[in-house]
Amino acid sequence: MSTTAAVIGCGDVSAVHFEAVAKLDGATLVAVCDSDPQRLAAAEAAYGVPGFADHLSLIEAVRPDVVHICTPHDQHASVAADCLERGVNVIVEKPLAHTLAEGRRLVEAASAGRAKIAVCFQNRYNATAQAMHALLSSGELGAVVGASATVMWQRSAEYYQTRPWRGTWAGGGGGLMMNQAIHTVDLLQWLVGDVVSVTGNTSTRFLGGTIEVEDTAEFVAEHANGARSAFYATLANAFNAPVTLDVVTENAVLSLRGDLTVTHADGRVDLIPERQSESGGRSYWGVSHELLINDFYGRLDEAEPFWISPAEAEKSLRIIKDVYRQSYPESVEQVS
């Protein structure tokens, strides 16, 4: 029996969701939704399915099994909660929500019903991330001592001007940390361990005339297992450099630079290559959206929640919002 799917929000990142559904055996796209008439008309024409201007009308008319939420950040939690409350399964793009309060609302909505929900931290499915997690969890490399990560990317003024919500607190919930670096923040806490405290700062060094949010950020995090990690990210780089993530253990150093290099204390060096993307999506979205989506559909009949749940996604949101509150103490309500 076919699983029916709908995509809510037909902007940039929806392309990888449409592509994944089209490739998925047993899945059928049945509707699209967007509040922008031009984008909606384009999606209707491209995919040959009915379009709706709001998600509640779509759910009422079509009753899809799964919705993919690709809206601006400030709509993630409310749209997802509406779907869950109506028994519709959800795949929602990161971040979980644009505020902590909305994130908590979605965590509670997910636990209250039977419908499943996944949050798109697709980089956890990267071959390198999976290998790092398996090695660190096995204990064979010894205890984790510490870690560091960088995101040295570039975004232009035009990037924000074409989607003005991205550069605002109200629409995006933040800037670089919420829209680009959140994937690396998620990997850092997933690989090294839960973060118990964070000290950091954000600033706008490059795009101050265009956005009201940050384009540069740094923090130091203390993890529950005693490890410490250092993080730096900026959108002022000349190009989109590969994300770096280094984890130091008692017996090895794991260095992610596209591929993963594991240098053991005895001199052995292992190389784990990353998969190459076959998707038409942008390179900085990574290679693993399709893997996450396929895994979610394959687990719809399982009783337990999907493993990248709102409760799991809330961890990176809390780290980021903690750094924001330290950076903008005079505007705590706005940035939380």
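Our structure is the block above this text.
Residue indices follow the written sequence of each chain, beginning from 1 at its first position. Since the coordinates come from a predicted model, pLDDT governs what is reported: local features require at least 70, and pairs of side-chain atoms require 80 or more to be given and counted, while whole-chain, interface and lining totals use all residues. Side-chain metrics rest on all non-hydrogen atoms present in the structure, leaving aside hydrogens and water.

1. Concerning the sheet that holds strand β3 (residues 51–52)
So, point 1. With parallel pairing, six strands are arranged side by side in an open sheet as β3-β2-β1-β4-β5-β6. Where the open sheet ends on each side, the last strands, each with one partner, are β3 and β6 (117–120).
So, point 2. Alignment of strand β1 (residues 3–8) against strand β2 (residues 27–33), held across six bridges, turns out to be parallel. Pairing of Thr-4 across the sheet is with Thr-28, part of β2.
So, point 3. Contact criterion: two residues are considered in contact whenever any of their non-hydrogen atoms come within 4.5 Å of each other. Lines fitted to the C-alpha atoms define the axes, with helices restricted to the stretch that makes contact. Angles between their N-to-C directions range from 0 to 180 degrees. Strands here are runs of E lasting at least two residues and helices are runs of H or I lasting at least four, both read from the DSSP assignment and numbered beginning at the N terminus. Strands in contact with helix α3 (residues 55–62) are β1, β2 and β3; relative to β2, the strand with the most contacts, it is inclined by about 140 degrees. Strand pairing follows a simple DSSP-based rule, namely that at least 2 bridges must link the two strands.

2. As for the layout of surface pockets
So, point 1. When its volume is computed, the largest pocket comes out at roughly 670 Å³.
So, point 2. Lining the largest pocket are 38 residues, with Val-13, Cys-70, Thr-71, Pro-72 and Trp-165 positioned closest to its centre.
So, point 3. Counting residues per element, the ones that place at least two in the lining of the largest pocket are α4 (76–85) and α7 (157–162).
So, point 4. Think of it as three bins: nonpolar holds Ala, Val, Leu, Ile, Met, Phe, Trp, Tyr, Cys and Pro, charged holds Asp, Glu, Lys and Arg, and polar takes everything else, Gly as well. Class assignment for the residues of the lining of the largest pocket results in 14 nonpolar, 14 polar and 10 charged. Only protein atoms enter the 1 Å grid used here. Points where a 1.4 Å probe fits but cannot escape make up a cavity, open sets with protein on both sides within 12 Å along at least five of seven lines make up a pocket, and a residue lines them when an atom lies within 4 Å of a point. Grid points are joined across faces, edges and corners, and a volume is the space filled by probe spheres set on the points.

3. Structural notes on the environment of Val-220
So, point 1. The topology assignment puts Val-220 in strand β9 (residues 216–223).
So, point 2. The rule is simple: take the accessible area with a 1.4 Å probe, protein chains only, and divide by the maximum for that residue type; under 20% is buried, over 50% is exposed, in between is partly exposed. Taking relative accessible area as the criterion, Val-220 reaches 34% and is therefore assigned partly exposed.
So, point 3. Separated by 10 residues in sequence, Val-220 and Thr-210 have C-alpha atoms that sit 28 Å apart.
So, point 4. Dropping the residues within four chain positions of it, Val-220 is found in contact with Ser-197, Val-198, Thr-199, Arg-228 and Ser-229.

4. Things to note about the packing of aromatic side chains
Centre-to-centre distance and the angle between the planes together describe a pair of aromatic rings.
So, point 1. Centre distance within 6.5 Å is the pairing criterion for rings of Phe, Tyr and Trp, where only the six-membered ring of Trp is used; planes under 30 degrees apart are then read as stacked, over 60 as edge-to-face, and the remainder as tilted. Taken as a whole and judged by the stated rule, the model has 10 aromatic pairs.
So, point 2. On the basis of an interplanar angle of 90 degrees and a centroid distance of 4.9 Å, the ring pair of Trp-169 and Tyr-324 is categorised as edge-to-face. One end of the pair, Trp-169, is in helix α8 (residues 169–172); the other, Tyr-324, is in helix α12 (residues 310–327), and 155 residues separate them in sequence.
So, point 3. Exposure remark for Trp-169: the relative accessible area of 6% places this residue in the buried category.
So, point 4. Judged by its relative accessible area of 0%, Tyr-324 is buried.
So, point 5. A network of ring pairs unites the aromatic residues Tyr-125, Trp-190 and Trp-307 as a single cluster.
So, point 6. The ring centre of Tyr-159 lies 5.3 Å from the NZ or CZ of Arg-155, which sits over that ring.
So, point 7. A cation over an aromatic ring shows up here: Arg-166 above the ring of Tyr-159, its NZ or CZ 4.0 Å from the ring centre. Sitting over a ring, as applied to charges here, requires NZ of Lys or CZ of Arg to be within 6 Å of the ring centre and within 35 degrees of the ring normal.

5. A short note on the nonpolar core
So, point 1. Among the buried residues, those of types Ala, Val, Leu, Ile, Met, Phe, Trp, Tyr and Cys that are joined through side-chain atoms within 4.5 Å form a nonpolar core. Phe-219, Phe-231 and Tyr-297 are the most contacted members of the largest nonpolar core, which has 109 residues in total.
So, point 2. No other element matches the seven residues that helix α10 (residues 182–192) contributes to this core.
So, point 3. Excluding residues that lie within four positions of it along the chain, Phe-231 makes contacts with Ala-149, Val-151, Met-177, Ala-181, Thr-184, Val-185, Leu-188, Ala-217, Glu-218 and Phe-219.

6. A few points about the packing of helix α5 (residues 100–112) against α12
So, point 1. Running from amino to carboxyl end, α5 crosses α12 at an angle of 170 degrees, the nearest separation of the two axes being 10 Å. Here α5 is positioned roughly antiparallel relative to α12, judged by the angle of their axes. Between α5, through Leu-100, Gly-103, Arg-104, Leu-106, Val-107 and Ala-110, and α12, the contact on the second element is made entirely by Pro-310, Ala-311, Glu-314, Leu-317, Arg-318, Lys-321 and Arg-325.
So, point 2. Along the lines of polarity and charge, the residues of the contact of α5 with α12 split into seven nonpolar, one polar and five charged. An angle counts as roughly parallel when it lies under 35 degrees, as roughly antiparallel when it exceeds 145, as roughly perpendicular when it falls between 65 and 115, and as oblique in every other case.

7. Regarding a nonpolar patch on the surface
So, point 1. Together, Val-145, Val-248 and Val-253 make up an exposed nonpolar region whose accessible area comes to about 200 Å².
So, point 2. Inspection of the secondary structure assignment puts Val-253 in strand β12 (residues 252–257).
So, point 3. Val-253 sits in the partly exposed class, given a relative accessible area of 32%. Put simply, a patch holds well-exposed residues, over 30% relative accessible area, that have no salt bridge, with like charges counted together within 9 Å and Val, Leu, Ile, Met, Phe, Trp or Tyr side chains within 5 Å. Method for areas: the Shrake-Rupley scheme with a 1.4 Å probe, in which residue coverage is limited to the protein chains shown. Each salt bridge in this description consists of a side-chain nitrogen of Lys or Arg and a carboxyl oxygen of Asp or Glu lying within 4 Å of one another.

8. Things to note about the pattern of salt bridges
So, point 1. Applying the stated criterion to the full structure yields 18 salt bridges.
So, point 2. The salt bridge partner of Arg-163 is Asp-12, with a shortest N-O separation of 3.1 Å. Of this pair, Arg-163 sits in the loop between α7 and α8 while Asp-12 sits in the loop between β1 and α1 (14–23); the two residues are 151 residues apart in sequence, bridging distant segments of the chain.
So, point 3. The residue Arg-268 makes a salt bridge to Asp-266 at a minimum N-O spacing of 2.9 Å.
So, point 4. Note on Asp-266: relative accessible area 56%, which makes it exposed.

9. Structural notes on the pairing of β9
So, point 1. Where strand β8 (residues 195–203) lies against β9, eight bridges are found, and the strand directions are antiparallel. The residue of β9 that forms the bridge with Thr-199 is Val-220.
So, point 2. Relative to strand β10 (residues 228–234), β9 runs antiparallel, the two sharing seven bridges. Looking across to β10, one finds that Ala-221 is bridged to Ser-229.
So, point 3. Between β9 and the antiparallel strand that follows it, β10, lie four residues; Gly-226 among them carries a positive phi value of about 95 degrees.

Everything listed here is a matter of geometry and, on its own, says nothing about what the molecule does.
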